[in-house]
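If you want the building blocks of each chain, they are given just below.
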Amino acid sequence: MAWTVERNIVQVDSTERNPVANLKIEERGEVVMVTLIQSRIVDEHTIRAVGSEFEKLTLEAAADHKLLLNFKGVDYMSSAMIGQIMRLHKKCKTDGIKLKFCSICPQIMEVFKITSLTKILEIEPNEETALAAFNGTSTKRGWFK
Amino acid sequence: MSDSNTAQHKAPAATPRADRPLTVLLIDDQLIVGESVRRMLASETDIAFHFCQDPAKAIETANAVEPTVILQDLVMPDIDGLQLVRFFRANKATRETPMIVLSSKEEPVIKARAFALGANDYLVKLPDPVELIARIRYHSRAYMNRLERDEAYRQLAESQRQLAEEVSLAAQYVMSLLPPTLSGDVNIDWRFVPSTQLGGDMFGYHWLDKDNLAIYLLDVSGHGVGSSLLAVSAMNLLSAQSLPSTDFRDPGEVLTRLNEIFQMEKQNDKYFTMWYGVYQRPSRTLVFSNAGHPAALLYTGTSAATAELVQLEAAGPPIGMIDGIPYSASMVELGDFARLLVYSDGVFEIENTDGSMWQHSEFVEYVSGLRKEGEAIGDRLLAYVRQHHGSPMLADDFSILEVQIEPNS
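Every value quoted in this text rests on a predicted model; they were computed, and no experiment measured them.

## What to know about the overall build of chain A
Here is step 1: The number of helices and strands found in chain A is 4 helices and 7 strands.
Here is step 2: The N-to-C order of helical and strand elements in chain A reads β-β-β-α-β-β-α-β-α-β-α.
Here is step 3: A burial count over chain A gives 52% of its 145 residues as buried.
Here is step 4: In chain A, of all internal contacts separated by at least 6 residues, the share reaching a separation of at least 24 is 67%.
Here is step 5: Put simply, chain A shows about 7,400 Å² of open surface, and 54% of that area lies on carbon and sulfur atoms.

Here it is in C-alpha cells:
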C-alpha cells in the first residue's frame, strides 16, 4: 500500500497558535523518515505541537510501517521533548510500528544514557545504518564487524 | 431629564469608561453656534449632543457628560481658548478625550499651537455637516477603541497580578515541604534554586525507623505549575509513606510502585527521574535504586584522603515511561568515610555562555576536585554554575543534597 506523505500528517490543527509544521517527512523505500526541523525545541507550546504531529504520524501509518526519527541537526532536547518521544515510542509499540532513531548528537546521547533510554530505544548511528537495520541487514550484526 | 440629573450628581469619572455612547460636547459662547451644531447632528440618532455656553463650566460639564469628543471654540470672552485646551488635558477624566478646536479662520500658527497643547483636530466654523459628522465619528471611535484597549490591559495586568500571587503562595507551600537540614551521625544539607517560581524538583529524607534513613530526590519533566504539582504529589506519598503494601526500606519496590501509579499518560505526559536510597545504620550499607536519574556520587573509603568515587547509576528508565517494569536495587558498603551527593540534572546541564554544554563527566570532575579540597559543595557549585551560565537565573532547577555519614561509633 502506498502511503502518501502529503496526506494530512504534518498539518497542525488550525486552532493551534503556530500552524507551522515542525516535522519534515520523507519516504526512504519502505521507511518513513521524520526529521525535526528546529535544532532545539524548548517552549512548551511547540513541544505540544510536535506531540500532536507525532500522533498524526502514527495514526496515518499502517501497522506494518517503519518509522525512522532522524535527529540530524538537533543539538538540544528538553525533558518535556523527551516525554513526547516516549509517547511516540509507546504508541508505535501498541500499533505495531517499528520505530528507530538515528543521528543523535553526543550531547543528547548522554542524556539518553543517563536516563537509561539507550536500553529502551532502538538507536542507530546514522541514516544508512538505520535503513539497513530496518531491512534486516544491520551493519552491527554483520559478519565483517 | 433624570438622566442629566444623575450625570450632574455623579462624581467626576476617575477612569473613563469604554462603553459610553457616542457623545459630543460643544463649548462655545455663541448660542447660535450651539444651535447650528445641534441641527447638524439632529439626524444622527446615535450621537448624544451637549452644549456648554459658559467656558467656566466646561470642565465640570465634561466630567458629568463624559464626551467621546469635545468641540471647542478658540475665541471666547474671559478665557483664552488655548488655555482651556490645556485645562482639559490637565483634567483626569478628559486627559485623553479627542478635542476638535473650532475657529473662525485658518491661522497656521494658532493651529500649530492648538495641536501642541493637545488638540487632535482643527475645523473652521461652521464646518460642513457631512465633514463634521465624519470627524466626530472618526475621533470618537478611535477614543473608544483606546479606552477598550486600556481596560483590557488593566484587566490583564490585574489577572497577572492575581496569578503571580497564587503562584507565589504555591511556591511557599513547595518550600515548606522541603526538609530541615539533618545533623547527628548523618548530616544532610541541601541547596535548591528553582528556575521558575515553581520548579519540578523535589527531595526529602527521613528516618523510616531507628536504623533506616530514606533519602530521595526527584525531577519532573518540564517546569512550572504542572510539573510542580506532580512533584508535590509524588513527594507527599513518599513523606507520608502512603504507598500501599510497600516496604519503604526497599528502593526497588518503592520505584516499581511509583512507576505503576504515575504513568505519564495519566499525568499530562509528564514523567520524573528519581534517585531513592536507604542508609542502613547497623550494617553501614546504602541500598539504592535509580529511575533514569543522574548517578548519585558516593565518595567512600577508610578516610577522606583515600575515598574513591562510586557512581550510583540508573537501574531503569524514568518513572512513568514504561508501564509494568520492575526496578531493582543495588547495595554498596560504606567505609568510615562516606559522602553522598544526590542532585538533579539542573546542576550540570548548563549552557555555557559560548553556547556549548557542560558534560556530566566534567561536572563529576569538578565536584570531585571540590570534595578533595574538603569544601562544602552546594554553594561552590551554585556559584560556579551561575558564573558559567552567565546569569543568576538558571535554565533548570538546581537541587543538590550533600550527605555526610560519620563513622559508626
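## Description of the overall build of chain B
Here is step 1: Of regular secondary structure, chain B possesses 10 helices and 17 strands.
Here is step 2: Burial analysis of chain B (409 residues in total) assigns 51% to the buried set.
Here is step 3: A fraction of 68% describes how many contacts in chain B between residues 6 or more apart in sequence connect residues 24 or more apart.
Here is step 4: A total of about 18,900 Å² of accessible surface is found on chain B, and carbon and sulfur atoms cover 53% of it.
Here is step 5: Taking the 34 positively charged and 55 negatively charged side chains of chain B as two groups, their mean positions are separated by 10 Å.

## Let's talk about the packing of helix α4 (residues 81-90) of chain B against helix α5 (residues 108-117) of chain B
Residue and element names in this part refer to chain B.
Here is step 1: The interhelical angle for the contact between α4 and α5, taken along N-to-C directions, is 15°, at an axis separation of 9 Å. Relative to α5, the element α4 is oriented roughly parallel. Crossing hand, α4 versus α5: right-handed. Where α4 approaches α5, its residues L82, V85, R86 and R89 are matched on the opposing element by R113, A114 and L117.

## Side note on the side chain of Q72(B)
Here is step 1: Within the secondary structure layout, Q72(B) lies in strand β3 (residues 69-73).
Here is step 2: With near-sequence residues (within four places) excluded, Q72(B) lies in contact with I27(B), G81(B), L84(B), V85(B), F88(B), M99(B), I100(B), V101(B) and L102(B).

## Things to note about the side chain of S78(A)
Here is step 1: Its place among the elements puts S78(A) in the loop between β5 (76-77) and α2 (79-95).
Here is step 2: With residues near it in sequence (within four places) discarded, S78(A) still touches I41(A) and I47(A).

## Focus on the interface of chain B and chain A
Here is step 1: With 29 residues of chain B in contact, the opposing surface of chain A contributes 22 residues.
Here is step 2: Both sides together, the interface formed by chain B and chain A hides about 1,900 Å², and carbon and sulfur atoms give 51% of it.
Here is step 3: For chain B, the biggest contributors to the area lost against chain A are D269(B), M321(B) and M357(B); these three give 25% of the whole.
Here is step 4: Applying the counting rule to chain B against chain A returns 4 salt bridges.
Here is step 5: The salt bridge partner of R48(A) is D269(B), with a shortest N-O separation of 3.6 Å.
Here is step 6: Applying the counting criterion to the chain B and chain A interface returns 11 residue pairs in polar contact (both at pLDDT 80 or more).
Here is step 7: Counted by class, the side of chain B that touches chain A contains 12 nonpolar, 12 polar and 5 charged residues.

## Focus on the sheet that holds strand β7 (residues 121-124) of chain B
Within a beta sheet, neighbouring strands are joined by backbone hydrogen bonds and run either parallel or antiparallel to one another.
All names here are of chain B.
Here is step 1: Read from one edge of the open sheet, 5 strands run β2-β1-β3-β6-β7, paired in parallel fashion. Looking at which strands have only one partner, the edges of the open sheet turn out to be β2 (48-52) and β7. Averaged over all pairs of adjacent strands, the angle between strand axes in this sheet comes to 20°, irrespective of strand direction.
Here is step 2: Judged from the 4 bridges that link them, strand β6 (residues 99-103) and β7 form a sheet pairing that is parallel. Bridging across to β7, V101 finds its partner in Y122.

Calculation criteria
- Residues numbered from 1 in each chain as written.
- Chains lettered and ligands numbered in written order.
- Predicted model: local features only at pLDDT ≥ 70, side-chain atom pairs only at ≥ 80, totals over all residues.
- Heavy atoms only, no water.
- Helix = DSSP H or I, 4+ residues; strand = E, 2+ residues; numbered from the N terminus.
- Buried < 20%, exposed > 50% of the residue type's maximum accessible area, 1.4 Å probe, protein only.
- Contact = heavy atoms within 4.5 Å.
- Areas by Shrake-Rupley, 256 points an atom, 1.4 Å probe, with all protein chains shown as cover.
- Lys, Arg positive; Asp, Glu negative; His and termini not counted.
- Charge placed at Lys NZ, Arg CZ, Asp CG, Glu CD.
- Axes fitted to C-alpha atoms, helices over the stretch in contact; angles between N-to-C directions.
- Parallel < 35°, antiparallel > 145°, perpendicular 65-115°, else oblique.
- Left-handed = near helix turned anticlockwise from the far one by under 90°.
- Buried area = accessible area lost by both parts, 1.4 Å probe.
- Salt bridge = Lys/Arg side-chain N within 4 Å of Asp/Glu carboxyl O.
- Polar contact = N/O pair within 3.5 Å; in protein donor to acceptor, adjacent residues only side chain to side chain.
- Nonpolar A, V, L, I, M, F, W, Y, C, P; charged D, E, K, R; others polar.
- Pairing = 2+ DSSP bridges.

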